[in-house]
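What follows is the residue order along each chain.
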Amino acid sequence: MKTLKNTPERIHCIAFSPINMDSISLRTRQKESIALHSYLVMSNLLLADLAASGVKIIPWSYIRPITDRPNLSDVQISHASIPLIDLHGLNGPTHSLVIKQISQACENDGFFQVKNHGIPEEMIGNIMNIARQFFKLPESERLKNYSDDPTKTTRLSTSFNVNSEKISSWRDFLRLHCYPLEDYMHEWPCNPPSFRRDVAEYCTSIRGLVLRVLEAISESLGLERDYIDKKIGKHGQHMAMNYYPPCPQPELTYGLPGHTDPNLITILLQDEVPGLQVLRNGKWIAVNPVPNTFIINIGDQMQVLSNDRYKSVLHRAVVNSERERISIPTFYCPSQDTVIGPPKEMVDDDHPAVYREFTYGEYYEKFWNRGLVKECCLDLFKVSNE
Ligand code: OGA
Ligand code: NI
């Protein structure tokens, strides 16, 4: 049989007109599928551009094994599943009721939503627009920010960690360090033109919200209100803008596979497209968007600081074939040299220390290098595993 040379034009033709493949032998098809994969992946650093090229099948590097797929029809759709807490009450006569609600949510769900959080609606709309505009910039403009080095403090990348993972995730993300602002702002993208100004305003407001929530969480654990604030040293604040393009085969892949967040606490803003799911009693629950609310979740370091009373819960993002989705998590973290361990106030004969002491820097490095595997990174720091 005559062998055809796999020029980019021919591979492109195979990719977009599968009908043309009818007369090609299976072996040739397999070879071409590999060539197609290389072509698509090599010619697009970012997923947004691969997705926008109109692919009807996803490259094999995105396909999860059958035992690890989202099973989209088996997900519980429920608003009641993660509590919605009204923060307005924190400053009034219902203060202790709100603290109780927070403590129960952190113990049972590891997740809650908040309303009356003090972040103006207009600012929420603005930050979403900025993210949307950023991911719509021409590829050459976006690529100015590209890096696959997880230690870089400002970078655009794709999937999770392209250097260590075996299967890719259907996501591009821009990740920024944002506290203290003056250390990092000069590295941020300057396109769209108001990016730095709008993102800086948003980060400052979110920091205010985080500090209030950290006080409430300290109090809910029976610690001094400023315990966590003092404990985490020079605070770290990172933000991601996650962009999940529409995916032609969403049942085969994830936007982000199940993981827990390695930091202290995460404040997530999502647009109006569903995609976030959290694990509850072994079942995945969809957390459908409620306008103008934030989703707050306990990260691994808070689980340690509560000596396992509060839970850093598995969650994931699924994708869909119709609409792109944007989410903007703020990851609040201890500084790299902060020593984390269960506080003495949380340890007694009935509750021995579950974790050894470690620095956040040690933890963070392990997290990025081992990839998003289901087993929580926390297990590596348990006293029982020493
Ligand atoms: C994350 C995350 C969920 C989402 O970025 O850590 O869990 O809905 N994102 O994008
Ligand atoms: Ni997460």
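Going along each chain's sequence as written, the residues are numbered from 1 onward. Key to labels: chains lettered from A, ligands numbered from 1, both in the order written. Thresholds applied to this predicted model are a pLDDT of at least 70 for local features of residues and 80 or more for the giving and counting of side-chain atom pairs; totals over whole chains, interfaces and linings are not thresholded and use all residues. The side-chain quantities take in all heavy atoms of the structure and omit both hydrogens and water.

An unreviewed UniProt entry annotates the protein as Fe2OG dioxygenase domain-containing protein originating from Salix dunnii. Per its UniProt entry, the protein bears the Catalytic activity (unreviewed entry) comment "salicylate + NADH + O2 + H(+) = 2,3-dihydroxybenzoate + NAD(+) + H2O". UniProt positions are given in the numbering used here, feature names are shortened, and annotations may be inferred rather than shown by experiment. The Sequence similarities (unreviewed entry) field of the UniProt record for the protein holds the comment "Belongs to the iron/ascorbate-dependent oxidoreductase family."

A few points about the pairing of strand E6 (residues 236-244)
For every residue, the accessible area (1.4 Å probe, protein chains only) is compared with the maximum for its type, and the residue is labelled buried under 20%, exposed over 50%, or partly exposed between those bounds. Think of it this way: any DSSP run of H or I at least four residues long counts as a helix, any run of E at least two long counts as a strand, and we number them from the N terminus. Burial analysis of E6 places nine of its nine residues in the buried class, the great majority of the element. On E6, burial covers both faces: Gly236, His238, Ala240, Asn242 and Tyr244 on one face and Gln237, Met239, Met241 and Tyr243 on the other are all buried. When strand E5 (residues 172-177) meets E6, the two strands line up antiparallel, connected through six bridges. Bridge pairing in E6 places phenylalanine 173 opposite asparagine 242. Examined bridge by bridge, E6 and strand E13 (residues 325-333) share seven bridges and lie antiparallel to one another. Bridging from a neighbouring strand, tyrosine 243 pairs with isoleucine 326 of E13. Strands are treated as partners if at least two bridges between them are detected by DSSP.

Side note on the state of the cysteines
Criterion for a disulfide: a pair of cysteine sulfur atoms within 2.5 Å. Scanning the entire structure with this criterion turns up zero disulfides. Of all cysteine sulfurs, the one in cysteine 178 lies closest to cysteine 203, which takes part in no disulfide; the gap is 3.6 Å. When its relative accessible area of 2% is taken as the criterion, cysteine 203 is described as buried.

Some thoughts on the site of ligand 1
Definition of nearness: a residue and a molecule or strand are near each other if at least one heavy atom of the residue lies within 4 Å of the molecule or strand. Near ligand 1 the following residues occur: Asn242, Tyr244, Leu256, His259, Asp261, Leu276, His315, Arg325, Ser327, Pro329 and Phe331. Pairing of N or O atoms within 3.5 Å defines a polar contact, subject to two protein rules: one partner must be a possible hydrogen donor and the other a possible acceptor, and residues neighboring in sequence count only if both atoms are side-chain atoms. In this structure, asparagine 242 approaches ligand 1 through a side-chain N or O atom, which is 3.2 Å from an oxygen atom. The contact in question runs from an oxygen atom of ligand 1 to an N or O atom on the side chain of tyrosine 244, over 2.6 Å. Surface accessibility follows the Shrake-Rupley procedure with a 1.4 Å probe radius. Residue values consider only the protein chains on display as shielding. Protein contact buries 95% of the 290 Å² of open area that ligand 1 shows by itself. For each structure, a 1 Å grid was placed over the protein atoms alone; sets of points admitting a 1.4 Å probe that cannot get out are labelled cavities, open sets with protein on both sides within 12 Å along at least five of seven lines are labelled pockets, and lining residues have an atom within 4 Å of a point. Assignment of a molecule to a cavity or pocket requires that more than half of its atoms lie within 2 Å of the corresponding grid points. Taking a 2 Å distance to the grid points as the criterion, the majority of the atoms of ligand 1 fall inside the largest cavity. Listed by contribution, the elements that provide at least two residues to the shell around ligand 1 are E6, strand E7 (256-259) and E13.

Considerations on unusual backbone geometry
Residues apart from glycine generally show negative phi values, whereas peptide bonds are mostly found in trans. Residue proline 180 follows tyrosine 179 across a cis peptide bond; omega there is -10 degrees. With respect to the helices, strands and loops of the structure, proline 180 is situated in the loop between E5 and helix H7 (181-184). Residue proline 192 is bonded to the preceding asparagine 191 through a cis peptide linkage, with omega at 0 degrees. Among the structural elements, proline 192 can be located in the loop between H7 and helix H8 (195-220). Even without being a glycine, asparagine 281 presents a positive backbone phi close to 45 degrees. You can see asparagine 281 is positioned in the loop between strand E9 (276-280) and strand E10 (283-286). Taking the relative accessible area as the measure of exposure, asparagine 281 reaches 77% and is therefore exposed.

Structural notes on the coordination of the nickel ion (ligand 2)
Only N, O and S atoms count as donors, using a 2.8 Å cut-off from the metal and 3.2 Å for Na, K and Ca, and because water is excluded some sites may appear unfinished. On the protein side, the nickel ion (ligand 2) has His259 (NE2), Asp261 (OD) and His315 (NE2) as donor atoms, found 2.1 Å from it. Written as a sequence motif, the donor residues of the nickel ion (ligand 2) are H-x1-D-x53-H. For histidine 259, a relative accessible area of 9% gives the class buried. Among the residues examined, aspartate 261 registers a relative accessible area of 4% and is labelled buried.

A look at the sheet that holds E13
Note on sheets: strands pair through backbone hydrogen bonds, and any given pair is parallel or antiparallel. The eight strands lie next to each other as E2-E3-E11-E8-E13-E6-E5-E4, forming an open sheet whose pairing is mixed. If you trace the sheet from one side to the other, it starts and ends with strand E2 (84-86) and strand E4 (154-158), each paired once. Strand after strand, the sheet turns through a mean of 25 degrees between neighbouring axes, direction not considered. Should any heavy atoms of two residues lie within 4.5 Å, those residues are considered in contact. In this analysis, axes come from line fits to C-alpha atoms, helices being fitted only over the stretch in contact, and the angle between any two N-to-C directions falls in the range 0 to 180 degrees. Taken strand by strand, helix H4 (residues 95-108) contacts E2, strand E3 (111-115) and strand E11 (294-298), and its axis lies near 160 degrees from that of E2. Against the sheet, helix H5 (residues 121-136) engages E4, E5, E6, strand E8 (265-270), E11 and E13, with an angle of about 60 degrees to E6.

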